[in-house]
Amino acid sequence: MSLRLFLCTTVFFGTVSFSQSLGDGEIHEAYDSMVGLENTGFYNGPEFKDAYPDSGGDSRYFNRQGFATGSIAYNGQLYPNVPLNYDVFSDNVLARSDDHLSHFIIQLIPSFISGFTIGPHNFVRLTDTKLDAGAHGFYEVAVTGKSFKLYIKHFRRKKERTVGLEVYHSFSKENYYLLHYNDGYHTINSIKDFKKVVPDRYREVQKLRRDYKSMYKSDMDGFMIRLTEHLDGY
């Protein structure tokens, strides 16, 4: 599977997961199991050490429970069934070695990654947003409609507090959203931002916020998905 085909399938159609199209991936997996993943060039990056262990609040990691089986397109090759986690705070993907002789965590090189999955969640690396550099990075693919595409930018803000001689760290969740519409990307931080993107349908947006008031307050990711699906005519 070429990297270009993989990206087109994952980003623009969104309905085909890594696991549904692993013809070449199954070959890579068989090869990797014979030679050992550590010897394939996959673990290419610095060893990761967590300088801010959680002490409350939201986790800095996408999967708070730890590493989960995922797949990743890395340096032009697809690697299925790899223990992965996403460090939301630093916007880096982590891979854990499950080698019998050693256990270590590698921070993978971001520019080598075009996409990855953790469980049912698909992520892509966007570099063509034409927004400021801070808007580049890894986004969860949330909706891939005919006219609208929604990406969730998972974000964590670090807070510190000192108790005696101890410094405690906590992380707060502050996700924002990227909406692709009319061949352009639009950053969505609040409902008001839709007024600039779809001014002729802003009343619909406001009505949906009223209809889904509870979801809007408790599950913004879910609400944004529902709103985008509505705009796209689901």
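A brief look at the structure comes next. These numbers were taken from a predicted model, which means no experiment stands behind them. (Residues numbered from 1 in each chain as written. Predicted model: local features only at pLDDT ≥ 70, side-chain atom pairs only at ≥ 80, totals over all residues. Heavy atoms only, no water.)

1. Some remarks on the overall build of the protein
Regarding its fold elements, the protein presents six helices and 12 strands. The buried share of the protein, taken over its 234 residues, is 42%. Element-wise, carbon and sulfur atoms account for 50% of the exposed surface of the protein, whose accessible area totals about 12800 Å². (Helix = DSSP H or I, 4+ residues; strand = E, 2+ residues; numbered from the N terminus. Buried < 20%, exposed > 50% of the residue type's maximum accessible area, 1.4 Å probe, protein only. Areas by Shrake-Rupley, 256 points an atom, 1.4 Å probe, with all protein chains shown as cover.)

2. Here we look at helix α4 (residues 202-211)
Turning to α4, its buried residues are Y202, V205 and L208. Buried residues along α4 cover an arc of 120° about the axis, so they all sit on one side. The exposed residues of α4 that point more than 90 degrees off its buried face are R203 and R210. On its buried face, α4 is in contact with α3 (194-197) and α6 (220-231). (Arc of directions from axis to C-beta. Contact = heavy atoms within 4.5 Å.)

3. Focus: the sheet that holds strand β1 (residues 68-74)
Taken together, the 10 strands give an open sheet; going across it, the order is β4-β3-β2-β1-β5-β6-β7-β8-β11-β12, and neighbouring strands pair in antiparallel fashion. On the outer flanks of this sheet lie β4 (105-107) and β12 (184-188), each paired with one strand and no other. Taking each pair of neighbouring strands and ignoring which way they run, the sheet shows an average axis angle of 35°. Inspection of the sheet shows β1 paired to strand β5 (residues 113-118) by five bridges, in the antiparallel sense. (Pairing = 2+ DSSP bridges. Axes fitted to C-alpha atoms, helices over the stretch in contact; angles between N-to-C directions.)

4. Points about the environment of P80
Looking at the secondary structure, you find P80 in strand β2 (residues 77-87). Sequence-wise, P80 and T117 are 37 residues apart; in three dimensions their C-alpha atoms are separated by 9.3 Å.

5. Looking at α6
End to end, α6 covers 16 Å across 12 residues, agreeing with the expected 16 Å (1.5 Å per residue, within 8%). When α6 is considered as a whole, its buried residues turn out to be D221, G222, F223, M224, L227, T228 and L231. Positive backbone phi, approximately 85°, marks G233, located one or two places after α6. (Expected span 1.5 Å × (residues − 1).)

6. Quick word on the environment of Y151
Looking at the element boundaries, Y151 is found in strand β8 (residues 149-153). Using a relative accessible area of 1% as the deciding quantity, one classes Y151 as buried.

7. With respect to the side chain of N175
Mapped onto the secondary structure, N175 falls in the loop between β10 (166-173) and β11 (176-181). In this structure N175 comes out as buried when scored by relative accessible area, which is 16%. Of note is the side chain of N175, whose polar atom sits 3.4 Å from the side chain of H154. At 3.1 Å, the side chain of N175 forms a polar contact with the backbone nitrogen of F155. Contact partners of N175, with chain neighbours within four places excluded, come to I152, K153, H154, F155, R156 and D221. (Polar contact = N/O pair within 3.5 Å; in protein donor to acceptor, adjacent residues only side chain to side chain.)

8. Brief notes about the pairing of strand β7 (residues 137-144)
Within β7, seven of the eight residues are buried, which leaves it mostly tucked inside the rest of the structure. As paired strands, strand β6 (residues 121-126) and β7 are joined by four bridges and run antiparallel to one another. The residue of β7 that forms the bridge with L126 is G137. The loop that links β7 with its antiparallel partner β8 comprises four residues.

9. Comments concerning the pattern of salt bridges
Tallied over the entire structure, the rule returns nine salt bridges. Note that E204 is salt-bridged to R201, the shortest N-O span being 3.1 Å. Judged by its relative accessible area of 32%, E204 falls in the partly exposed class. Using a relative accessible area of 21% as the deciding quantity, one classes R201 as partly exposed. Linked through salt bridges whose partners overlap, the residues forming this network are D50, R60 and D87. (Salt bridge = Lys/Arg side-chain N within 4 Å of Asp/Glu carboxyl O.)

10. Thoughts on the packing of aromatic side chains
Think of a pair of aromatic rings as described by two things: how far the centres are apart, and how the planes are tilted against each other in angle. Enumeration according to the criterion identifies 11 aromatic pairs in this entry. Consider the rings of F89 and F171, whose centres lie 5.2 Å apart with planes at 65°: the pair is edge-to-face. Of this pair, F89 sits in the loop between β2 and β3 (92-96) while F171 sits in strand β10, and the two are 82 residues apart along the sequence. Plain terms: the ring middles of F116 and F138 are 5.6 Å apart, the flat faces sit at 80° to each other, and that makes the pair edge-to-face. (Phe/Tyr/Trp six-rings, centres within 6.5 Å; stacked < 30°, edge-to-face > 60°.)

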